[in-house]
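# Report on the structure
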Amino acid sequence: MKFADLHLHTQFSDGTFTPEELVLHAQKGGLSCIALTDHDTVEGCARTAAACAAVKMEFITGAELTAEHQDTEVHIIGYFLDTQNPALLARIATFQAVRQNRIHEMVAALNKMGIPLKVESVFALANCRSPGRPHVARALVKEKLVGSLDEAFERFLKKNRPAWVPKTKMSALESVDLIHQAGGLAVMAHPGLNHNDDIIPDLVAVGLDGIECFHTKHSTSMSEHYLEIAEKHDLLVTGGSDCHGYSKGRPLIGTVRLPYDHIERLNAARKAANEARAAK
Ligand code: AMP
Ligand code: ZN
Ligand code: FE
Ligand code: FE
């Protein structure tokens, strides 16, 4: 049997692996196919594609777009994106700028509370266009201003804590369009974490292609529930570990294993979408 992991992060967003390390772990885990889904960026795709090509592993480009619909934060993954698409790059650049400004705001809030963290420390550690709260948390740990990442989130960074700063997000409906015009398929990530299935029909109405039924934080019954929803709305089924590096002492990549027949369906849907676009 061949398996895939379609939800992975690298150092190009808030993961800790380089693309090469990610692919090495994918190989060790016996995966045949991986997709890179860094937050609001496609920067890591070229290097990951090259590392996959070197070991003859199938690679799918991607990005996990931070979006919202009816006041619910929703993550929409674009798969098979043209990573050079000018409209995609221009639009995600504005959200990368939002993320960078937010680092300044979070650090200012921390400084106001007497926590002497410097923005330079966060940016040096993040070293990517799409920094986020995990980088602030890691910088706080590195500077010994907190004892752990958990403490950083609990005391300062969690929603409604003193250094929490909301971020402007793309509308989920726009994200689906943006993904389509960049040649991709749009998939709703970890719906089980949203606690709001009501938004699914709205996304389907604007052309959502798939739904992530299998995810580290989905229970078996949750996965079954979303498989039923996929069937009801005729959506593609995806899954992945949402690996950001090591978790409890082992790399999370490969702990969610999507059977390869789903990749065949994704490839077929991509081909059909491309042909439909070409015929227009
Ligand atoms: P951001 O996109 O900057 O708001 O950061 C969101 C990321 O922070 C998520 O993808 C998680 O990886 C991480 N995160 C959110 N809440 C927590 C938490 N309570 N503890 C640890 N990590 C968290
Ligand atoms: Zn993340
Ligand atoms: Fe997510
Ligand atoms: Fe993710």
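So, here is what we can say about the structure in this document. Since this is a predicted model, take the numbers as computed values, not measurements.

## As for the coordination of the iron ion (ligand 3)
For the iron ion (ligand 3), the full set of protein donor atoms is Glu64 (OE), His75 (ND1) and His190 (NE2), and the range of their distances to it is 2.0 to 2.2 Å. Linear spacing of the donor residues for the iron ion (ligand 3) on their chain is E-x10-H-x114-H. Metal-to-metal, the separation of the iron ion (ligand 3) and the iron ion (ligand 4) is 3.6 Å; Glu64 coordinates the two. Taken together, the positions of Glu64 in strand S4 (residues 62-69) and His190 in the loop between strand S7 (185-188) and helix H8 (199-205) put the pair 126 residues apart, joining distant regions of the chain. Note on accessibility: Glu64 and His190 belong to one class, buried.

## Looking at the site of ligand 1
What surrounds ligand 1 is the set Asp14, His39, Arg99, Arg102, Gly132, Arg133, Pro134, Phe153, Lys158, Lys167 and His244. Separating an oxygen atom of ligand 1 from a side-chain N or O atom of Arg99 is a distance of 3.3 Å. The contact in question runs from an oxygen atom of ligand 1 to an N or O atom on the backbone of Arg133, over 2.8 Å. Its free accessible area being 500 Å², ligand 1 has 67% of it covered by the protein chains. For the shell around ligand 1, the secondary structure elements donating two or more residues are helix H3 (86-112) and helix H5 (133-142).

## Quick look at the coordination of the iron ion (ligand 4)
Protein-derived ligands of the iron ion (ligand 4) are His7 (NE2), His9 (NE2), Glu64 (OE) and Asp242 (OD), with the metal-ligand distances lying across 2.1 to 2.2 Å. Around the iron ion (ligand 4), the 4 donor atoms sit at angles spanning 79 to 165°, and that spread fits a shape best called irregular. Written as a sequence motif, the donor arrangement for the iron ion (ligand 4) is H-x1-H-x54-E-x177-D. Separating the iron ion (ligand 4) from the zinc ion (ligand 2) is a distance of 4.7 Å. Of this pair, His7 sits in the loop between strand S1 (3-5) and helix H1 (19-28) while Asp242 sits in the loop between strand S9 (236-240) and strand S10 (246-247), and the two are 235 residues apart along the sequence. In terms of burial, His7 and Asp242 fall into one category: buried.

Procedures and definitions
- Residues numbered from 1 in each chain as written.
- Chains lettered and ligands numbered in written order.
- Predicted model: local features only at pLDDT ≥ 70, side-chain atom pairs only at ≥ 80, totals over all residues.
- Heavy atoms only, no water.
- Donors = N, O, S within 2.8 Å, 3.2 Å for Na, K, Ca; no water.
- Helix = DSSP H or I, 4+ residues; strand = E, 2+ residues; numbered from the N terminus.
- Buried < 20%, exposed > 50% of the residue type's maximum accessible area, 1.4 Å probe, protein only.
- Near = heavy atom within 4 Å.
- Polar contact = N/O pair within 3.5 Å; in protein donor to acceptor, adjacent residues only side chain to side chain.
- Areas by Shrake-Rupley, 256 points an atom, 1.4 Å probe, with all protein chains shown as cover.
- Tetrahedral: all angles 85-135°; square planar, octahedral: opposite > 155°, others 65-115°.

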